[in-house]
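# An overview of the molecular structure
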Amino acid sequence: MRPDQHILQRLLDFLPSDCVLLSEESIRPYECDGLSAYTAKPAAVVLPNTQAQVQQVVSFCRHNKIPLVVRGAGTGLSGGALPHPDGILLSLAKFKRILSLDIDNRTARVEPGVRNLAISQAVAAHGLYYAPDPSSQIACTIGGNVAENSGGVHCLKYGLTVHNILAIKVLTMEGEFLTIGSEALDSPGYDLLALLTGSEGLLGIILEVTVKLLPKPEQAQVLLAAFDSILKAGQAVANIIAAGIIPAGLEMMDNLAIRAAEDFAKVGYPKDAEAILLCELDGNSEEVQQQLVHVQAILRLNGAISLRQSENEQQRLQFWAGRKNAFPAVGRLSPDYYCMDGTIPRKHLATVLEGIHELSVQYGLPVANVFHAGDGNLHPLILYDANKQGELHNAERLGGKILELCVQVGGTITGEHGVGMEKLDQMCVQFTSEELTQFHAVKAVFDPENLLNPGKAIPTLHRCAELGAMHVHQGQTRFPELERF
């Protein structure tokens, strides 16, 4: 039930007036995150200045049984920061200080509102950087990165957020401050840091993060390989990994994505290619040169029709600029697009791409494919027009089928975007009722009254029963048209 206005006015008892938004026009900008197809207006938005004020907001919500959703930069793509219509939205936008730098031990302690890229910029003069680099790194915040366990184009070699943080300070819904992890390489007890990372705002409010910093590689080079077949590009990916080479980044784009990115960023992508691979190799100069020779041979052996090597740092960044701008570039092709996020075993890459193409034809909606080929994390972009009756629903159905296809070949429904509101139905396909029950039990330990970001990430068993979803790993499937995969 939506709280009465007189109750919400009590927020002003402990927060400055400029930290509480109650009017329709002031709340409207917070109605969605990066998944703009889903919107909801919260009862109020609060932007506290201090951790003590955050604690008071939590106490207020707990006492009045008001749902609480925490928001960072709002760049998430699964509806994880979608407001609760009967709740309060807590923005951590003001928490943007870098609290300390320990150059000797290569760590930084930052507030959750610090932008991902700002960390690397702050330590660049010391020859260090923060490795995870989502495409939205110029805007996304480290708190949101922890909540979603974000990756980026260099996650193949350097890992996701969980591999690059040491500790977090969180506030529980019970109002208790906890430090999870430590500045040491390991900490005693259960690995709660891994549990909290990627928990999508369901278990606690992240208020500080201690990240690892890495020395900048002595040299980095990018190879841009073009193919006349997605199958050949996919096989090249498999053969590079099979050769024992772990590139810093290994990305693939199909023709629709290539043309969109090139028209937008003008970085020199071959627009007639059916697929391109971007393969970055880094390390000391001798290591990089040896790997360049080896990878070039693999790419040619697998049918690369053209091959370019970055000649300097500017061109290396230029090659990556097209990939990192692929999402906004595809946005120029259609009034709307729906970005999916599934992960598959690399060996099934060609099969799944074929399946996506067939589903695209079946549903009558174009799909541009951009993905982290090295670790099998797909980002199909479904083009549609929300102004046309039924097209959003059709795009959602197509997206669901793509994710279910990922599960059927042994993959998962998400790689880095999270479940949020978007993939609740597919959770019913991926997990059994027993597994979902355990997820709810973990949630109850941290948030027994289910006030923190309720209704996200973990579907109720009732919802799954209504869908009639069956667990595909038990050999049951509701999707006979995909059985051949």
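Anyway, here's the lowdown on the structure attached to this text. (Residues numbered from 1 in each chain as written. Predicted model: local features only at pLDDT ≥ 70, side-chain atom pairs only at ≥ 80, totals over all residues. Heavy atoms only, no water.)

Moving on, we come to the pairing of strand 19 (residues 377-384). Strand 19 sits mainly inside the fold: eight of its eight residues count as buried. Here two bridges tie strand 17 (residues 342-343) to strand 19, and the two strands are oriented antiparallel to one another. The residue of strand 19 that forms the bridge with glycine 342 is leucine 378. In this sheet, strand 19 lies alongside strand 18 (residues 367-372) in antiparallel orientation, the contact comprising six bridges. If you follow alanine 368 over to strand 19, its bridge partner there is leucine 381. (Buried < 20%, exposed > 50% of the residue type's maximum accessible area, 1.4 Å probe, protein only. Helix = DSSP H or I, 4+ residues; strand = E, 2+ residues; numbered from the N terminus. Pairing = 2+ DSSP bridges.)

Turning our eyes to something else, we now look at the packing of aromatic side chains. This structure, assessed with the given rule, holds three aromatic pairs. Each ring, one from phenylalanine 14 and one from phenylalanine 60, has its centre 6.0 Å from the other, and the planes form 55°; the classification is tilted. Of the two residues, phenylalanine 14 sits in the loop between helix 1 (5-8) and strand 1 (20-21) while phenylalanine 60 sits in helix 3 (residues 51-64), which places them 46 residues apart along the sequence. Phenylalanine 60 sits in the buried class, given a relative accessible area of 7%. A centroid spacing of 6.5 Å and a plane angle of 85° characterise the contact between tyrosine 129 and tyrosine 158, whose relative ring orientation is edge-to-face. Remark: tyrosine 158 occurs in helix 6 (residues 155-158) and tyrosine 129 occurs in strand 7 (residues 128-129); sequence separation between them is 29 residues. Summarising the burial analysis for this pair, tyrosine 129 and tyrosine 158 share the class buried. Positioned over the ring face of phenylalanine 177 is lysine 169, at 4.9 Å from the centre of the ring. (Phe/Tyr/Trp six-rings, centres within 6.5 Å; stacked < 30°, edge-to-face > 60°. Lys NZ or Arg CZ within 6 Å of the ring centre and 35° of its normal.)

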